[in-house]
Structure formats: C-alpha cells, structure tokens
Amino acid sequence: MDKGSKGWTLGELATLLGGDLHGPADLIIKGPVSADSVSPHGIAFCESAEYLAQSEGVGALVLPRDLDTDKPHIKVDQPRRAFGALLALADTPMPLVAGIHATAIVHAGAQVDPSALVGPYAVIEDEVVIGPRTRIYPFAYIGHRCELGADVTVYPHAVLYKDITVGDRTIVHSGVVLGADGFGFLWDGKRRIKVPQAGGVTLGNDVEIGANTSIDRATTGETKLGNGTKIDNLVQIGHNCTVGNDTVIAALTGISGSSHIGNRCIFGGQSALSDHVTVGDDITFGGRTGTSKSLSEPGIYFGAPALPVAEGMRVYTLNSKLPELFKRVKELERQLAKLEKKV
C-alpha cells in the first residue's frame, strides 16, 4: 500500500523503513500513534523500556535493536529517524488543485512554472518567478520581484512583501510576514523620521518558517537565513540579520537588527539577542537566555546575561534565595552595629 492508501501491511513498513520484521507480515497498520494509545492497527515508536511498558494497546512497534517484546514490531538502527520516515509516509499535503485557480490574481509579468499550483484568491505580482512544483495556497500574497525556487510551499495568508528570494523545498507557514520594513527611525531633535528599508530577504534551501513569524527586510542588502535552518512560530528576526545553516530557533525568540548567528546553533524559546550581536557556530541558548554581547565559544549558555550553562544555572538558583540572603545580611548589619556601639 502506498502513501495515498488507507494503510500498509507490517511487512511493507519493514521494507519501507529498512528494518527487520518481527511478527505477521500481513498485519494491517493504519498509521502511527503514541505509545500509550489504544489502537490495534496503530504503530508506535518506543526507544526505551518505559515507553514499551505503556504500549499494551498498540498493534505494533518500532524498536531499537536492544529492546525485545512479544508484540509485532520492526527493529531498526535509528528508531527516531525511522519513525520520522513513517510520519512522512502517513502525512498528506493540504489539498490544492493543479494549475492556477480561476480566482487567483497573477500579473502578466509573472513567470509561473506550468507544474506550480496556485490556489484561490492568491495574488502574484509583477516580475515574480515561481519555480517547478511550488505550491501557493489560498490568500497568499507574493509581492513584486519575489523569486521562489522548486518545491516551495507557501501556506494560506502568508505575505511576501517584495524582493524576497526563497530557496528550494522551503516551507512558509500561515501568517508569516517576510520583508516588512525593518525597525529603523532617526531622531531629528523633534520627531522620529522613518529610514527607508530598500533591501530584501533571502531564505536558503530546506528552510522552514513557522506560523506568524516575521522576518524584516534589510535597510540595504539582505536579511538572510542559511540552508536547512528551521524557525518556530512567533519569532521576530530584525533587519540585516544573518542566520547560518542548520540553525534552530524556538518560539517567541527575538533577534534584533544587524545580529549575526552562526551555523548549527540552537535557540530555546523566548531567547533574545540585542542589535549588532554576533553568535558563533555550534552555540546553544537555553530557554529565556539573552545577551547584549557577542559570543564565539561553542557550548551551551543559560540566563540573562548569557553565561556558560553551569554558571548560569547557579545564578538562576541563587536568584530564588535573594530574599532570604537579604534578610540575613540586614540581620548581620544590625548585629554588627550593636557590637560597634559596645566598642
């Protein structure tokens, strides 16, 4: 059975996942489920004995080679990766009719590949280039001089202002705004004067931008995200920022303008960078970590200001004891004052 069917046999899944079959090859599996589900035709991922103990109600399992069970299962070398492949098999794209929908507005000066799909009420402006098999969902807006590569997905109500370049296989989720004006204003002594933002935004290949994230256009040049970078929902990336390859940024993070983030970095939720800060390669920020100074040494950081994780956790722990410490210091000061009076 293929992806478009109602399921697979366990034997077919073993072949598709490159694993070893243990159990009846003709067992029907309708889809992936969580380990604690009651689903006789579901298959769950169990990487430890703890999850295995929860899986009584599941029809079959994906297991690492060092776990055993009497339940039908597939053993693989990398169970997380195999289950991810299974999820990809089970996932189906949101429906979109082939071609350009009659209600879509496509400028005569746009170049839309014949294999691209453009949904109802989408707008594609002049000098736009849309690559092969790219999917533009209903109500998306693709502005002047934007260029989208092959196999790009732009979900409903995403907005690409103008001069946005999107690499192959990149995903732009609903509510994303690419290329809004950077936050640039000058004080002339009486009022704030808007600084025109004349640059663009470039996303590399295999990038994913989560729902309601905003990436501002550059003042000049480009705001740039490297290949393979993944951005969560509700992230703000300011003008003229650069983010390297294969970096991950979790929800509610704010990256101020002209900051630069290296390759393979990880930013936990609600992290923050001040403007003009550089973060080097292979740096991880725990949740709510922030810095106003550049960091170059690879490693894990925590706190605000960001500190190496062990030191940052000590500071975090001591913060909760500050009222008690303050009380003790005041008492010591009182006792010291009494002693001084006796001298």
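Residues numbered from 1 in each chain as written. Predicted model: local features only at pLDDT ≥ 70, side-chain atom pairs only at ≥ 80, totals over all residues. Heavy atoms only, no water.

(A) The arrangement of the side chain of H73 in detail. Mapped onto the secondary structure, H73 falls in strand 7 (residues 73-76). At 2.8 Å, the side chain of H73 and the backbone oxygen of K71 are in polar contact. Contacts of H73, omitting those with residues within four sequence positions, involve L10, D20, L21, H22, L61 and L63. (Helix = DSSP H or I, 4+ residues; strand = E, 2+ residues; numbered from the N terminus. Polar contact = N/O pair within 3.5 Å; in protein donor to acceptor, adjacent residues only side chain to side chain. Contact = heavy atoms within 4.5 Å.)

(B) Just the environment of E222, in detail. Secondary-structure assignment places E222 in strand 27 (residues 222-225). The class of E222 is partly exposed, set by a relative accessible area of 34%. Along the backbone, E222 and T165 are 57 residues apart, and their C-alpha atoms lie at a distance of 9.8 Å. Each residue touching E222, except ones within four places of it in the same chain, is listed here: G200, T202, N240 and C241. A polar contact of 2.5 Å, which involves the side chain of E222, links it to the side chain of T202. (Buried < 20%, exposed > 50% of the residue type's maximum accessible area, 1.4 Å probe, protein only.)

(C) Representation of unusual backbone geometry in the model. At the junction of A304 and P305, the peptide bond is cis and its omega measures out at 10 degrees in the coordinates. By the element assignment, P305 lies in the loop between strand 39 (299-302) and strand 40 (307-308). Of note, the phi angle at L234 is positive, near 60 degrees, even though the residue is not glycine. Assessed through its relative accessible area of 46%, L234 is described here as partly exposed.

(D) The state of the cysteines, seen in detail. Inspection of every chain in the model, using the stated rule, returns zero disulfides. Left unpaired, C265 is separated from the closest cysteine sulfur, that of C241, by 13 Å. C265 sits in the buried class, given a relative accessible area of 0%. (Disulfide = S-S within 2.5 Å.)

(E) Geometry of the pairing of strand 24 (residues 200-203). Neither face of strand 24 is open: one carries G200 and T202, the other V201 and L203, and all of them are buried. The pairing of strand 19 (residues 164-166) with strand 24 spans three bridges and is parallel. The partner of T165 across the bridge, within strand 24, is T202. With four bridges joining them, strand 24 and strand 27 adopt parallel strand pairing. The residue of strand 27 that forms the bridge with T202 is K224. (Pairing = 2+ DSSP bridges.)

(F) Representation of the sheet that holds strand 2 (residues 20-22) in the model. In space, the five strands of this open sheet follow the order 2-7-6-5-4, with mixed pairing throughout. On the outer flanks of this sheet lie strand 2 and strand 4 (31-32), each paired with one strand and no other. When strand 2 meets strand 7, the two strands line up antiparallel, connected through three bridges. Its bridge partner being in strand 7, L21 is matched across the sheet by I74. Those strands touched by helix 1 (residues 10-17) are strand 2, strand 5 (39-45), strand 6 (58-64) and strand 7, and its axis lies near 10 degrees from that of strand 7. Relative to the sheet, helix 3 (residues 79-90) contacts strand 4, strand 5, strand 6 and strand 7, its axis offset from that of strand 5 by approximately 130 degrees. (Axes fitted to C-alpha atoms, helices over the stretch in contact; angles between N-to-C directions.)

(G) Broad picture of the packing of helix 1 against helix 3. At a closest axis distance of 10 Å, the pairing of helix 1 and helix 3 adopts a crossing angle of 115 degrees. Two packed elements cross with a definite hand, and for helix 1 against helix 3 that hand is right-handed. Contact residues: helix 1 offers L13, L16 and L17, while helix 3 offers A82, A85, L86 and L89. (Left-handed = near helix turned anticlockwise from the far one by under 90°.)

(H) Main features of the sheet that holds strand 13 (residues 129-130). The strand order across the open sheet built from nine strands is 10-13-16-19-24-27-30-33-36, with neighbouring strands paired in parallel fashion. Because the sheet does not close on itself, it has two edges, and the strands there are strand 10 (111-112) and strand 36 (278-279). By the bridge criterion, two bridges tie strand 10 to strand 13 in an arrangement that is parallel. Note that in strand 13 the partner of V112 across the bridge is I130.

(I) The arrangement of the nonpolar core in detail. In terms of nonpolar packing, the biggest core is built from 46 residues, with I142, L148, V154, L160, L225, F267 and F285 touching the most fellow members. Among the elements of the structure, strand 19, strand 24 and strand 37 (283-285) are those that each provide at least two residues to this core. In contact with F267, not counting residues within four places along its chain, are V248, I249, A250, I255, I261, L273, V279 and F285. Listed in part, the 16 residues of the second largest apolar core include L10, I43, F45 and I74. (Core = buried A, V, L, I, M, F, W, Y, C linked by side-chain atoms within 4.5 Å.)

(J) Structural context of helix 3. Here helix 3 spans 16 Å end to end across twelve residues, near enough to the 16 Å set by a 1.5 Å rise per residue. As for helix 3, its buried residues are in contact with helix 1, strand 4, strand 5, strand 6 and strand 7. (Expected span 1.5 Å × (residues − 1).)

(K) Quick look at the pairing of strand 6. Extensive coverage of strand 6 is indicated by the burial of seven of its seven residues. In this sheet, strand 6 lies alongside strand 5 in parallel orientation, the contact comprising four bridges. In the strand pairing of strand 6, I43 is matched with A60. Strand direction decides the pairing type here: strand 6 and strand 7, joined by four bridges, are parallel.

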